[in-house]
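Below, each chain spelled out in residue letters.
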Amino acid sequence: MTESAPQTITPRALIAGFILAMLLCGMNSYLTLSFGVIEEGPTIAALFFFAIFFVSKLPITVTEMVIVSTMGSAGGSLGFISNFFAAKAMTGEPYSLFEMAAFSIVSSLVGLIMVIPLRQLLILRENLPWPGSKAVAGVIRALVEEGDPRQPKILLAAGLALIVWVIGNKDGGYGFFPVETALGGLAAYGGAIAWSPFAIGGSYLMGLRTCVGFLVGAIALMVMAPHLPEPEAPHRYFWPGLGFLVASGLVSIGLNWRSFVGAFQSMLALGEKTDDDDPVMSGRTLGVLAVLAFATATVVLNQLFDLSIILVFVLIAIGGLIQNIIATRAAAQTAFNPARVMGILLQGVTSAFGGKSIAMNLTGAGFVAGSGAQAGLLTGDMAYGRWFKVPSRYQFWAQCLTVLPCSIVAAFVFQQIHAAKPLVLQGEGHPAPVAKMWAASAQIFDGSRPLPDGVWDALLIGGAVGVAYTLIECIKPIERWLPHSIGIGLGLVLAPSLGISFFLGGFVMWVVLGGWLKWKDVTLTTIAVASIVAEGIGGVLKPLLTLMGVNPQ
């Protein structure tokens, strides 16, 4: 699975990648707080670069596509850190713009440094399948080799139309289009179809099993609704879903024990000599950068976030290295990235080393969101970059360029989102399932705020169901016929209308368009990308338009 690529990097690739990284960062900051899932960015960046420069006289090269995809991945992944900001806002005073940007920068720098050993261990030493990287490589190959002229037109037309839809809807927009359509008597229990481009169009990238899982979660919520505090909004009682997600994630880690044993064996091999025909940098340069990154992280976390120096070292060692190896290796082998659960586990580690307060405890999850996202995704980008013979140093330094601007973008966009619709743990607001999971966990570790009555029962029941279902799901002969546990878990914490829409979108995209009408995969991927981008850009634009005084809502 290799291709020869011109060993050059162009200004247009760097400029486009830079802009797309910031765009995807802002977009995913909104999406992760609205849906709990994001599209990290490499496929979106590749499609947009192709659409912009398809008519250029200068041919698009594989190297350009890889660089733009890598930079897009960096910006898109940093949007995940908004969950950390949101969890803090749900449990106390939100961070300032400077604090959020500073945390994003230092955690990302630690993550980038960890990419070097991760690449040595998981790409050069081991022959892992990297399913996500293969998907990106397939899109790049299809666009560069086939050069389908229809894809830019589809991307532009669908993207613009759907952005207009999002900005014009009744959820903080101009009020022209409906947000959802009630489903008769089920509306009393949250039953509706949400007209969300992300849920309907973006469902294609999640797979049909996950979409069916969303439906199962939505149905379960509506069944429980009559017995919950707010029957019309059953997703606000997220405790069963939280128990399901955490338990399912932990069982998945246990079922993939070989990957994690291999991860620890990989750590033991860190000191061994390797034959790297494409080193990212010299050992001396790596040492200097590591010292600078770790020292900067120590100063920022100690002075701005009141973490002890010992706790900072623990976070760098466990959060920066060990959890990154475990999570990245799991994603490389199974396409399952246990970031949500790893965040909770690192919260436990933080608490065990003295960070018991909610604010301090959340830094464990924040470190996963910052360093883990950067390290894991750039390592995956390095995999397809190596297949295409693109120099690893190109990818590494291109991603480094995005850290500062995307950290500022993530902080600014979060401020606007929180100002337009405050992030709350209970009550009406953004769904933010990952942030709520981390905020609730921080309260448990802190112990200063008693949980509502019945919460532990709900957590235990949801956890027991999550354990049982995930064990059943691992039975190979029936796995393909079962709804995916990730979809069920998220369906239990999102509004039923979104769960229903994810299913309808998956059915239309996978069964009707892909199965019955035989539409090409690249076309369906383009539609999905347009839908995701439209939801993200439209969602970010609405509070900005309000800030500018041109949004009547």
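Residues numbered from 1 in each chain as written. Predicted model: local features only at pLDDT ≥ 70, side-chain atom pairs only at ≥ 80, totals over all residues. Heavy atoms only, no water.

1. Observations regarding the overall build of the protein
Item 1. Along its length, the protein carries 23 helices and two strands.
Item 2. Considering only residue pairs separated by 6 or more positions, the protein has 82% of its internal contacts joining residues 24 or more positions apart.
Item 3. Of the roughly 21400 Å² of accessible surface on the protein, 68% is carried by carbon and sulfur atoms. (Helix = DSSP H or I, 4+ residues; strand = E, 2+ residues; numbered from the N terminus. Contact = heavy atoms within 4.5 Å. Areas by Shrake-Rupley, 256 points an atom, 1.4 Å probe, with all protein chains shown as cover.)

2. Quick look at unusual backbone geometry
Item 1. Backbone geometry places Ala-432, a non-glycine residue, at a positive phi of 40°.
Item 2. Turning to its location among the elements, Ala-432 is positioned in the loop between helix 17 (403-420) and helix 18 (433-446).
Item 3. On the accessibility criterion, Ala-432 (0% relative accessible area) is buried.
Item 4. Although it is not a glycine, Lys-518 adopts a positive phi angle of roughly 60°.
Item 5. Examined against the element boundaries, Lys-518 turns out to sit in the loop between helix 22 (496-516) and helix 23 (521-547).
Item 6. Of the residues examined, Lys-518 reaches a relative accessible area of 64% and is grouped as exposed. (Buried < 20%, exposed > 50% of the residue type's maximum accessible area, 1.4 Å probe, protein only.)

3. Here we look at the environment of Leu-346
Item 1. Along the chain, the position of Leu-346 falls in helix 14 (residues 339-352).
Item 2. Put simply, Leu-346 and Asn-361 are 15 residues apart on the chain and 8.6 Å apart in space, counted from C-alpha to C-alpha.

4. So, helix 22
Item 1. For helix 22, the principal kink sits at Val-508 and spans about 25°.
Item 2. The complete set of buried residues in helix 22 reads Pro-496, Ser-497, Leu-498, Gly-499, Ile-500, Ser-501, Phe-502, Gly-505, Gly-506, Met-509, Val-511 and Leu-513.
Item 3. Phi for Lys-518, located one or two positions after helix 22, is positive at around 60°. (Bend = angle between axes of the 7 residues up to and from the residue.)

5. Digging into the environment of Gly-243
Item 1. By the element assignment, Gly-243 lies in helix 10 (residues 239-255).
Item 2. Using a relative accessible area of 8% as the deciding quantity, one classes Gly-243 as buried.
Item 3. Separated by 216 residues in sequence, Gly-243 and Leu-459 have C-alpha atoms that sit 4.4 Å apart.
Item 4. With residues up to four places along the chain from it excluded, the contact list for Gly-243 reads Leu-459, Gly-462 and Gly-463.

6. Concerning the pattern of salt bridges
Item 1. Counting across every chain of the model gives seven salt bridges.
Item 2. The residue Asp-278 makes a salt bridge to Arg-119 at a minimum N-O spacing of 3.9 Å. Separated by 159 residues along the polypeptide, Asp-278 in the loop between helix 11 (257-268) and helix 12 (283-303) and Arg-119 in helix 5 (residues 97-124) bring together distant segments of the chain. Comparing Asp-278 with Arg-119, the two get one shared label, buried.
Item 3. Among the ionic pairs, Lys-421 bridges to Asp-171, the shortest N-O distance being 3.5 Å. On the criterion of sequence distance, the pair formed by Lys-421 in the loop between helix 17 and helix 18 and Asp-171 in the loop between helix 7 (150-167) and strand 1 (180-182) is long-range, its members being 250 residues apart. (Salt bridge = Lys/Arg side-chain N within 4 Å of Asp/Glu carboxyl O.)

7. Thoughts on the nonpolar core
Item 1. Judged by nonpolar contacts, the single largest core of 137 residues is most densely connected at Trp-239 and Trp-438.
Item 2. At 14 residues, the largest contribution of residues to this core is made by helix 5. (Core = buried A, V, L, I, M, F, W, Y, C linked by side-chain atoms within 4.5 Å.)

8. Notes on the side chain of Ser-133
Item 1. Positionally, Ser-133 belongs in helix 6 (residues 131-146).
Item 2. A distance of 2.7 Å separates the side chain of Ser-133 from the backbone oxygen of Gly-380, its partner in a polar contact.
Item 3. Leaving out residues up to four positions away in the same chain, Ser-133 has contacts with Gly-380, Ala-383, Tyr-384 and Trp-387. (Polar contact = N/O pair within 3.5 Å; in protein donor to acceptor, adjacent residues only side chain to side chain.)

9. Let's talk about the packing of aromatic side chains
Item 1. Considering all chains together, one arrives at 19 aromatic pairs under this definition.
Item 2. Both rings, one in Phe-50 and one in Phe-54, keep their centres 4.9 Å apart while their planes meet at 55°; by these two values the pair is tilted.
Item 3. Seen from their ring centres, Phe-396 and Trp-397 are 5.1 Å apart, and the 90° between their planes marks the pair as edge-to-face.
Item 4. By relative accessible area, which is 2% here, Phe-396 ends up buried.
Item 5. Look at Trp-397 and you get partly exposed, because its relative accessible area is 40%.
Item 6. Among the aromatic side chains, those forming a connected cluster through ring pairs are Phe-84, Phe-85, Tyr-95, Phe-103, Phe-305 and Phe-414. (Phe/Tyr/Trp six-rings, centres within 6.5 Å; stacked < 30°, edge-to-face > 60°.)

10. A short note on the packing of helix 5 against helix 12
Item 1. One can describe the packing of helix 5 onto helix 12 by two numbers: an axis separation of 9 Å at closest approach and a directional angle of 150°. One finds that helix 5 runs roughly antiparallel with respect to helix 12. In terms of crossing hand, the pair formed by helix 5 and helix 12 is left-handed. Taken together, the residues of helix 12 that come into contact with helix 5 (itself represented by Ala-102, Phe-103, Val-106, Leu-109, Val-110, Ile-113, Met-114 and Ile-116) are Leu-286, Leu-289, Ala-290, Ala-293, Phe-294, Thr-296, Ala-297, Val-300 and Leu-301.
Item 2. Taken together, the residues of the contact of helix 5 with helix 12 sort by class into 16 nonpolar, one polar and no charged. (Axes fitted to C-alpha atoms, helices over the stretch in contact; angles between N-to-C directions. Parallel < 35°, antiparallel > 145°, perpendicular 65-115°, else oblique. Left-handed = near helix turned anticlockwise from the far one by under 90°. Nonpolar A, V, L, I, M, F, W, Y, C, P; charged D, E, K, R; others polar.)

11. Focus on a nonpolar patch on the surface
Item 1. Together, Phe-507, Val-508, Trp-516, Leu-517 and Trp-519 make up an exposed nonpolar region whose accessible area comes to about 530 Å².
Item 2. Among the structural elements, Trp-519 can be located in the loop between helix 22 and helix 23. (Patch = residues over 30% accessible without salt bridge, like charges linked within 9 Å, V, L, I, M, F, W, Y side chains within 5 Å.)

12. Let's talk about the confidence of the model for the protein
Item 1. The pLDDT averaged across the protein works out to 84; a share of 90% of its residues lies at or above 70.
Item 2. Ranking the helices and strands of the protein by mean pLDDT puts strand 2 (residues 192-194) first, with 96, and helix 11 last, with 56. (pLDDT = per-residue confidence, 0-100.)

13. Digging into helix 7
Since the α-helix turns once every 3.6 residues, residues separated by three or four places project in the same direction.
Item 1. Between the first and last C-alpha of helix 7 there are 26 Å, a value that for 18 residues agrees with the 26 Å anticipated at 1.5 Å per step.
Item 2. The complete set of buried residues in helix 7 reads Gln-151, Pro-152, Leu-155, Gly-159, Ile-163, Val-166 and Ile-167. Projected onto a plane normal to the axis of helix 7, the buried residues spread over an arc of 95° and lie on a single side. Summarising the geometry of helix 7, the exposed residues directed more than 90 degrees from the buried face are Lys-153, Leu-160 and Val-164. (Expected span 1.5 Å × (residues − 1). Arc of directions from axis to C-beta.)

14. Here's the deal with the environment of Phe-503
Item 1. Mapped onto the elements, Phe-503 comes out in helix 22.
Item 2. We classify Phe-503 as partly exposed; its relative accessible area is 21%.
Item 3. For Phe-503 and Ala-218, which are 285 residues apart along the polypeptide, the C-alpha to C-alpha distance reads 9.8 Å.
Item 4. The contact partners of Phe-503, leaving out residues within four places of it in the chain, are Cys-211, Val-212 and Leu-215.

15. Examining the packing of helix 3 (residues 62-78) against helix 16 (residues 392-400)
A pair of packed helices is captured by two measures, namely the crossing angle of their axes and the spacing between those axes.
Item 1. One can describe the packing of helix 3 onto helix 16 by two numbers: an axis separation of 9 Å at closest approach and a directional angle of 40°. Judged by the inter-axis angle, helix 3 sits oblique to helix 16. The element helix 3 and its partner helix 16 pack so that their crossing is right-handed. Note on element contacts: helix 16 touches helix 3 through Tyr-394, Gln-395, Ala-398 and Gln-399, opposite Thr-63, Val-66, Ile-67, Thr-70, Met-71, Ser-73 and Ala-74.
Item 2. A breakdown of the residues in the contact of helix 3 with helix 16 according to their chemical character gives six nonpolar, five polar and no charged.

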